[in-house]
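# Architecture at a glance
Okay, here's what each chain looks like letter by letter:
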Amino acid sequence: MPRGKKTVYAGFCTECKMRICTVRISKAKKADFRELKKFCPVCMKRMKVKLKEEKHSS
Ligand SMILES: [Zn+2]
């Protein structure tokens, strides 16, 4: 994989497992998003996000 290539990650709420966001980040920068927080409409508050790599069938 070329250096600096961006990968799409789906962000899931750590509490209710609902998918709440999608982020494009480079593999090298992934560690910076470990503490990513997003508003979850189910929990009605900002929740820690668990990132999961988006699978593309191509
Ligand atoms: Zn939630």
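One structure accompanies this document, and this report is about it.

Thresholds applied
Residues numbered from 1 in each chain as written. Predicted model: local features only at pLDDT ≥ 70, side-chain atom pairs only at ≥ 80, totals over all residues. Heavy atoms only, no water. Helix = DSSP H or I, 4+ residues; strand = E, 2+ residues; numbered from the N terminus. Buried < 20%, exposed > 50% of the residue type's maximum accessible area, 1.4 Å probe, protein only. Contact = heavy atoms within 4.5 Å. Pairing = 2+ DSSP bridges. Axes fitted to C-alpha atoms, helices over the stretch in contact; angles between N-to-C directions. Donors = N, O, S within 2.8 Å, 3.2 Å for Na, K, Ca; no water. Tetrahedral: all angles 85-135°; square planar, octahedral: opposite > 155°, others 65-115°.

### Looking at the overall build of the chain
Of regular secondary structure, the chain possesses zero helices and four strands. Ordering the α and β elements of the chain from the N terminus gives β-β-β-β. Counting the 58 residues in the chain, one finds 28% classified as buried. Sequence-distant contacts in the chain: of pairs separated by 6 or more residues, those separated by 24 or more amount to 42%.

### Digging into the sheet that holds strand β3 (residues 37–40)
Pairing within the open sheet is antiparallel, and its four strands lie in the order β2-β1-β4-β3. The strands lining the two open edges of the sheet, one partner per strand, are β2 (19–26) and β3. On average, each strand axis in the sheet is tilted by 45° relative to the strand beside it, whichever way the strands run. Bridge count between strand β1 (residues 6–13) and β2: seven bridges; the pairing is antiparallel. Each residue of the ladder has a partner; that of Phe-12, found in β2, is Arg-19.

### As for the pairing of β1
In terms of burial, β1 is a largely internal element, six of the eight residues being buried. The hairpin turn running from β1 into β2, its antiparallel successor, is five residues long, and Lys-17 in that turn takes a positive phi close to 70°. Here β1 runs beside strand β4 (residues 45–53); their pairing, made up of five bridges, is antiparallel. When the sheet's bridge partners are listed, Phe-12 is paired in β4 with Lys-50.

### Overview of the coordination of the zinc ion
Each protein donor to the zinc ion is listed here as Cys-13 (SG), Cys-16 (SG), Cys-40 (SG) and Cys-43 (SG); together their distances run 2.2 to 2.4 Å. Taken together, the four donor atoms coordinating the zinc ion span angles of 101 to 115° at the metal, a pattern that classifies the geometry as tetrahedral. One chain supplies every donor to the zinc ion, and in sequence these donors are spaced C-x2-C-x23-C-x2-C. A relative accessible area of 0% places Cys-40 in the buried class.

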